[in-house]
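An overview of the molecular structure
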Amino acid sequence: RNREKINHLNVGAVECEASGMAITRIGKQVFGEHIQHASDVFDLARAGDENALKICDDAAYDLAVAFSVIAHVVDPEVFVIGGGGVKGKDVFYDKMISYYRSMIHQGMQSVEFKDALLEEPGIVGAAMLPMAYEE
């Protein structure tokens, strides 16, 4: 895919392509400035908007790729998912898990996906923000 470098992360980094902030950024590019949060894109997807559904599908695929790469390296029993994307769970989790299962080794199909129980899982990302704006 043809992707841009955002902040100090690698081109195509999951944080830049499939996080809540990424979904918001992409949503603004597609729908305009009235998109303020990933949940705005999720609401459009729930209403059947094809562009919003594509944004969610792309995020689901990107997350599945990342999780499958991690799984083949560390062989986890569970992935715990937090952040803004959890608010759109009903819109893209099933797709993400389906993509993941199609990418993963047959013997690793039992990996579970669970929601983070923290109230504010985005705190690490917030702590990294000052670094993201260095020139």
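A brief look at the structure comes next.

Procedures and definitions
- Residues numbered from 1 in each chain as written.
- Predicted model: local features only at pLDDT ≥ 70, side-chain atom pairs only at ≥ 80, totals over all residues.
- Heavy atoms only, no water.
- Helix = DSSP H or I, 4+ residues; strand = E, 2+ residues; numbered from the N terminus.
- Contact = heavy atoms within 4.5 Å.
- Phe/Tyr/Trp six-rings, centres within 6.5 Å; stacked < 30°, edge-to-face > 60°.
- Buried < 20%, exposed > 50% of the residue type's maximum accessible area, 1.4 Å probe, protein only.

For the rest of this paragraph, the subject is the environment of D40. Tracing the sequence through the fold places D40 in helix α3 (residues 38-46). Spatially, the C-alpha atom of D40 lies 9.3 Å from that of A52, the residues being 12 residues apart in sequence. The residues touching D40, leaving out its near neighbours within four places in the chain, are H34 and I35.

Quick look at the packing of aromatic side chains now. Counted according to the given criterion, the structure contains 8 aromatic pairs. When the ring of F67 is compared with that of F113, the centres are 5.5 Å apart and the planes differ by 65 degrees; the resulting orientation is edge-to-face. Placement of the pair is F67 in helix α4 (residues 50-74) and F113 in strand β2 (residues 112-115), with a sequence separation of 46 residues. Here F67 falls in the buried class, since its relative accessible area comes to 12%. Relative to Y100, the ring of F79 lies with its centre 6.1 Å away and its plane at 85 degrees, an arrangement referred to as edge-to-face. Separated by 21 residues along the polypeptide, F79 in strand β1 (residues 78-81) and Y100 in helix α5 (residues 89-103) bring together distant segments of the chain. Of the aromatic side chains, those joined through ring pairs into one cluster are F67, F79, Y100 and F113.

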